[in-house]
Amino acid sequence: MNKAITCLTPCPVCGSTHAEAVAHIDGKTGEPLVTVNCNGCGLGRIDPLPTVQALEAWYASHYRQDYKGAFQPALRHVLRAGRNALDRWGWLQQQLSSHGLGLPSGASTLDIGASSGEFVYLAQARGHHAHGIEPHAGYASHARDTLGLRVENGSLHQLLPQKHEGQFDLVSMFHVLEHLTDPLATLQLIKRKTAPGGCLLIEVPNATRFCSPRYMFFKAHTLYFTQTSLHQTLHAAGWHVLAHNEATDDNLLVLAQPSSPTAEATTPAWQANRALVQAQQRRTWPAYLVDQLTSGRVVQKMNKRQEEKRMVRGFDGARAVLDHLYQQSTHRPPEKTKATAAA
Ligand SMILES: [Zn+2]
């Protein structure tokens, strides 16, 4: 079947309107939703892409609930997010040190999409001047009121332009880029707010990972990255990739620095690929069921939930859980390393 289509909106990275359809329905709701693999650069995206304004309006209405400061994430969520923060922090430190780099003491850090604040809390616990931006009113107020953090409530499009040029030594953004419609403009804006010699730590879901055939494509994710398309997007926005994890991991983690200011801005030679189409062809129900039965993933998930439940018993709040985790784990090695230095 020929799935070549001409898109309603151009690719926000390479500008091409030619693509191959990967899916036609929203995996969560079953409603019609076209997801494509760009012929130009290999980026995945929904088509048509919403405008920045439409997306902002959706998040604003979705997240603008009045929590009256009473919103509290479950302690199990805090524990899991705290452990993720430690893994990412450990990976970051390892990569920086392998490049002879390091954060200055008292560095200014910004976590975009800070959620309930675990990464900001960790950066602060390690002696840095930590900031966060979070669109969800409940999470932002939890981070401010319960954890005592500098986390502002609002979208990155509202809040980031107000920051000083070159203000941050480290900007982090975990599971945010795949929700945007203007990745180049956003990454260029972050670059302007990053100090000379500063860095950007990004994590997005790996769009080629194996999973249920229905789950993968849904409205909240506007963009789908492979390692290649993520790196190309960063290069096109003026970033140099310092280090990354394995292309086969469930999430893609990248450490980047602003390209040298003397480097000429050139249009990258896009490396097109059909990785999303091929990954989707591998996601069949029989393959998924066999994987679920033989990989031990279901049991691992259940065991992990039980361990988390046991672990948080006896803690009276998020701060106590994180203090325990971060004080205990100053030298905890990250779980998902095997990082590869970028060529
Ligand atoms: Zn493209």
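Residues numbered from 1 in each chain as written. Predicted model: local features only at pLDDT ≥ 70, side-chain atom pairs only at ≥ 80, totals over all residues. Heavy atoms only, no water.

Asker: Quick one: what's the story with the coordination of the zinc ion, residue by residue and with numbers?
Answerer: Looking at the zinc ion, the protein donor atoms are C11 (SG), C14 (SG), C38 (SG) and C41 (SG), and they sit 2.3 to 2.4 Å from it. Coordination at the zinc ion is tetrahedral: its four donor atoms span angles of 96 to 118 degrees at the metal. Coordination of the zinc ion draws on donor residues from a single chain, spaced C-x2-C-x23-C-x2-C in sequence. Placement of the pair is C11 in the loop between strand 1 (4-6) and strand 2 (18-25) and C38 in strand 3 (residues 32-38), with a sequence separation of 27 residues. Take C11: its relative accessible area is 4%, and that puts it in the buried class. With a relative accessible area of 1%, C38 lands in the buried category. (Donors = N, O, S within 2.8 Å, 3.2 Å for Na, K, Ca; no water. Tetrahedral: all angles 85-135°; square planar, octahedral: opposite > 155°, others 65-115°. Helix = DSSP H or I, 4+ residues; strand = E, 2+ residues; numbered from the N terminus. Buried < 20%, exposed > 50% of the residue type's maximum accessible area, 1.4 Å probe, protein only.)

Asker: Can you tell me about the nonpolar core, naming the residues and giving the values?
Answerer: By size, the foremost hydrophobic cluster in this structure holds 46 residues, and its most contacted members are I112, L177, L187, I190 and L234. Leave out the neighbours within four places in its chain, and I112 touches I133, L156, L160, V171, S172, M173, F174, V176 and I190. In terms of nonpolar packing, the next biggest core, distinct from the first, is built from 36 residues, L122, A143, L170 and A243 among them. (Core = buried A, V, L, I, M, F, W, Y, C linked by side-chain atoms within 4.5 Å. Contact = heavy atoms within 4.5 Å.)

Asker: Got a sec to walk through the environment of A137? Specific residues and values, please.
Answerer: By secondary structure assignment, the location of A137 is in helix 4 (residues 137-146). A residue is classified by how much of its surface remains accessible, and A137, at 17% relative accessible area, is buried. The spatial distance from the C-alpha of A137 to the C-alpha of G154 is 7.8 Å, given a sequence separation of 17 residues.

Asker: Report on the packing of aromatic side chains, specifying residues and quantitative values.
Answerer: Inspection of the entire model under this criterion finds four aromatic pairs. An aromatic cluster is defined as three or more aromatic residues linked by ring pairs; in this entry it consists of W89, F119 and F174. A cation over a ring is seen here: R88 above F174, with NZ or CZ 4.2 Å from the ring centre. (Phe/Tyr/Trp six-rings, centres within 6.5 Å; stacked < 30°, edge-to-face > 60°. Lys NZ or Arg CZ within 6 Å of the ring centre and 35° of its normal.)

Asker: So what's going on with a nonpolar patch on the surface? Which residues, and what values?
Answerer: Judged by side-chain polarity, V298, V299 and M302 come together as a nonpolar surface patch covering roughly 270 Å² of accessible area. Residue placement: V299 occurs in helix 10 (residues 297-312). (Patch = residues over 30% accessible without salt bridge, like charges linked within 9 Å, V, L, I, M, F, W, Y side chains within 5 Å. Areas by Shrake-Rupley, 256 points an atom, 1.4 Å probe, with all protein chains shown as cover. Salt bridge = Lys/Arg side-chain N within 4 Å of Asp/Glu carboxyl O.)

Asker: Give a description of the sheet that holds strand 10 (residues 223-224) that names residues and reports values.
Answerer: Taken in spatial order, the five strands of this open sheet run 1-2-3-4-10, and their pairing is antiparallel. Only two strands of the sheet have a single neighbouring strand rather than two, namely strand 1 and strand 10. (Pairing = 2+ DSSP bridges.)

Asker: How would you sum up a positive patch on the surface? Please name residues and give values.
Answerer: On the surface, a cluster of positive charge is made up of R305, K309, R310 and R313. Here R313 is to be found in the loop between helix 10 and helix 11 (318-328). (Lys, Arg positive; Asp, Glu negative; His and termini not counted. Charge placed at Lys NZ, Arg CZ, Asp CG, Glu CD.)

Asker: Break down the environment of G40 for me, citing the residues and quoting the values.
Answerer: Along the chain, G40 falls in the loop between strand 3 and strand 4 (44-47). In this structure, the C-alpha to C-alpha distance between G40 and V13, residues 27 residues apart in sequence, is 9.1 Å. With residues up to four places along the chain from it excluded, the contact list for G40 reads C14, S16, H18, W270, Q271 and A272.

Asker: So, unusual backbone geometry: which residues are in play, and what are the values?
Answerer: Of note, the amide linkage connecting D47 to P48 takes the cis form, showing an omega dihedral of 0 degrees. Looking at the secondary structure, you find P48 in the loop between strand 4 and helix 1 (52-63). A positive phi angle is found at S115, which is not glycine, with a value near 55 degrees. Structurally, S115 is set in the loop between strand 5 (108-112) and helix 3 (118-125). Residue S115 is classed as partly exposed on the basis of its relative accessible area of 24%. For H175, which is not glycine, the phi torsion reads 55 degrees and is therefore positive. Within the secondary structure, H175 is located in the loop between strand 8 (168-174) and helix 6 (183-193).

Asker: Can you lay out the pattern of salt bridges for me, pointing to particular residues and giving the numbers?
Answerer: In total, this model carries eight salt bridges according to the counting rule given. E308 is paired through a salt bridge with R80; the nearest N and O atoms lie 2.8 Å apart. Within this pair, whereas E308 is found in helix 10, its partner R80 is found in helix 2 (residues 75-98), the two being separated by 228 residues in sequence. Among the salt bridges present, the one from R88 reaches E203, with a minimum N-O distance of 2.8 Å. Note that R88 is positioned in helix 2 and E203 in strand 9 (residues 194-205), a separation of 115 residues in sequence. Note on accessibility: R88 and E203 belong to one class, buried.

Honestly, it's all geometry; don't read function into it.
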